[in-house]
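Close look at the chain arrangement
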Amino acid sequence: MNILVTGGMGYIGSHTCIQLIEAGHTPIIFDNLYNSNAKVLDRIQQVTGTAPQFVKGDIRDKDALVKAMTEHKVDSVIHFAGLKAVGESVEKPLEYYDNNVNGTLVLVDAMRASDVHSLVFSSSATVYGDPASVPITEDFPTSATNPYGRSKLMVEECLTDFQKANPDWSITLLRYFNPVGSHQSGLLGEDPNGIPNNLMPFISQVAVGRREALSVFGNDYNTPDGTGVRDYIHVLDLADGHLSALDKVGSTPGLHVYNLGTGNGSSVLDMVKAFEQASGKSVPYTIVERRAGDIAECWADPKKATKELEWTATRTLQDMTEDTWRWQSQNPNGYSDA
Ligand code: NAD
Ligand code: UDP
């Protein structure tokens, strides 16, 4: 299939393009490079032996999207493009609603104009807000505590309404838990700008000597060791979830909603220990105040995806930390080293 991958130059999108190519599909990357590096294209080619098609463009540009979908005879769209930093979304709500919500509406309008009726959307476990219990199933109530989360929720609601009005469309909402890890080649990985917001890239930058110590945000949660518990999932397992979704429901009219997680929770200190083991480096840390808006624990019940998509996460915490370390140690400054 020819698949338009918006945001395909980014962390999750680039790994998904590799899995698409290796499964025999043709990804057409559509990205404005706002949060990614053109060198990703060479890296995808080095891993797969195929240079991916790339269109530099903004998802708020309907004409550019229609042109890309028509010229490349696109069958389906995987939509990763958007802004993703929670803290920044509080400072710049307009930019978040414009890129994430308006951008998605323009994309769907362009798909309609191009007669492409199959969409897979990157949603997030953040739509569950502070869940009443764990593990989380897809029918849990949804809510938002910041503009980023609200933008994901708004898009989910817009797409749900749109699908109801257009019952021949297949729209899949994939709710990611915490993607970490890198391609096992060490050629692709997560390369955040500035100080990482997320735990794993912060830990790996401490291990490689770019930062002095990790701040652990609170050790007084009601969890086994007091630190926050999350469901970390290898980015390649997440990528594979998109292929399964396209394969199993991408041509089936309807609104399809799945959690993509492992079903296992790990604490901040579990992650530090696992990373120290994988890297052989020490990761010094200090306990600081809780981070505003954080929740104690969050992990998925992934059974629906296992049953209906025949997908399950197979990579271990050791794979996640070893692969992250390979990427970080081979590219201490990310793609700017390339
Ligand atoms: P990323 O920032 O690495 O990738 C996003 C890509 O989209 C970048 O290459 C960026 O240049 C591009 N982009 C942004 N705005 C654009 C626009 N207006 N037009 C065209 N391209 C644009 O992020 P990621 O971690 O790969 O996340 C991908 C998607 O998954 C996002 O929608 C994100 O919200 C969602 N998600 C991510 C996580 C996570 O922890 N990484 C968790 C849950 C959901
Ligand atoms: N965390 C931390 N220090 C950091 C970054 C994150 O202690 O520098 C903790 C955070 O409080 C949470 C877990 O690590 O318990 C995962 O945080 P992340 O931001 O990666 O994901 P999210 O909170 O969005 O699930």
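Predicted, not measured: the structure shown is a model, and the values here were computed from it. (Residues numbered from 1 in each chain as written. Chains lettered and ligands numbered in written order. Predicted model: local features only at pLDDT ≥ 70, side-chain atom pairs only at ≥ 80, totals over all residues. Heavy atoms only, no water.)

Quick notes on the sheet that holds strand β14 (residues 297-298)
Strands sit in the order β12-β9-β14 across an open sheet of three strands; the sheet is mixed. Whereas interior strands pair on both sides, the edge strands pair on one side only; in this sheet they are β12 (266-267) and β14. By the bridge criterion, two bridges tie strand β9 (residues 229-230) to β12 in an arrangement that is antiparallel. Across the sheet, the residue bridging to Arg230 is Ser266, located in β12. (Pairing = 2+ DSSP bridges. Helix = DSSP H or I, 4+ residues; strand = E, 2+ residues; numbered from the N terminus.)

Quick notes on the site of ligand 2
Around ligand 2 sit 14 residues in total, of which Leu199, Ser215, Arg230, Arg291 and Asp294 are the nearest. Phe217 places a polar main-chain atom, nitrogen or oxygen, 2.9 Å from an oxygen atom of ligand 2. Across the complex, the protein chains shield 87% of the 520 Å² of accessible surface that ligand 2 would expose by itself. Of the residues belonging to the shell around ligand 2, the class tally is six nonpolar, five polar and three charged. (Near = heavy atom within 4 Å. Polar contact = N/O pair within 3.5 Å; in protein donor to acceptor, adjacent residues only side chain to side chain. Areas by Shrake-Rupley, 256 points an atom, 1.4 Å probe, with all protein chains shown as cover. Nonpolar A, V, L, I, M, F, W, Y, C, P; charged D, E, K, R; others polar.)

A closer look at the UniProt feature "domain: NAD(P)-binding" (unreviewed entry) in the protein chain
Here the UniProt feature "domain: NAD(P)-binding" (unreviewed entry) sits at residues 4-324. Counted over residues 4-324, helix gives 40% and strand 18%. Its end C-alpha atoms are 27 Å apart. (UniProt positions renumbered as here; feature names shortened; annotations may be inferred.)

Describing the environment of Val257
With respect to the element layout, Val257 can be found in strand β11 (residues 254-260). Along the chain, Val257 and Ala305 lie 48 residues apart, while their C-alpha atoms are 8.8 Å from each other. Not counting residues up to four positions away in its chain, the partners in contact with Val257 are Glu138, Leu173, Arg175 and Lys304. (Contact = heavy atoms within 4.5 Å.)

Regarding the pattern of salt bridges
Pairing is possible between side chains that carry opposite charge, provided their charged atoms lie close to one another. Across all of its chains, the model carries 15 salt bridges by this definition. Between Arg315 and Asp237 there is a salt bridge, with its nearest N and O atoms 2.6 Å apart. Of this pair, Arg315 sits in the loop between α10 (303-309) and α11 (317-330) while Asp237 sits in helix α8 (residues 235-249), and the two are 78 residues apart along the sequence. Three or more residues joined by partner-sharing salt bridges are found here, namely Asp58, Arg60 and Asp98. (Salt bridge = Lys/Arg side-chain N within 4 Å of Asp/Glu carboxyl O.)

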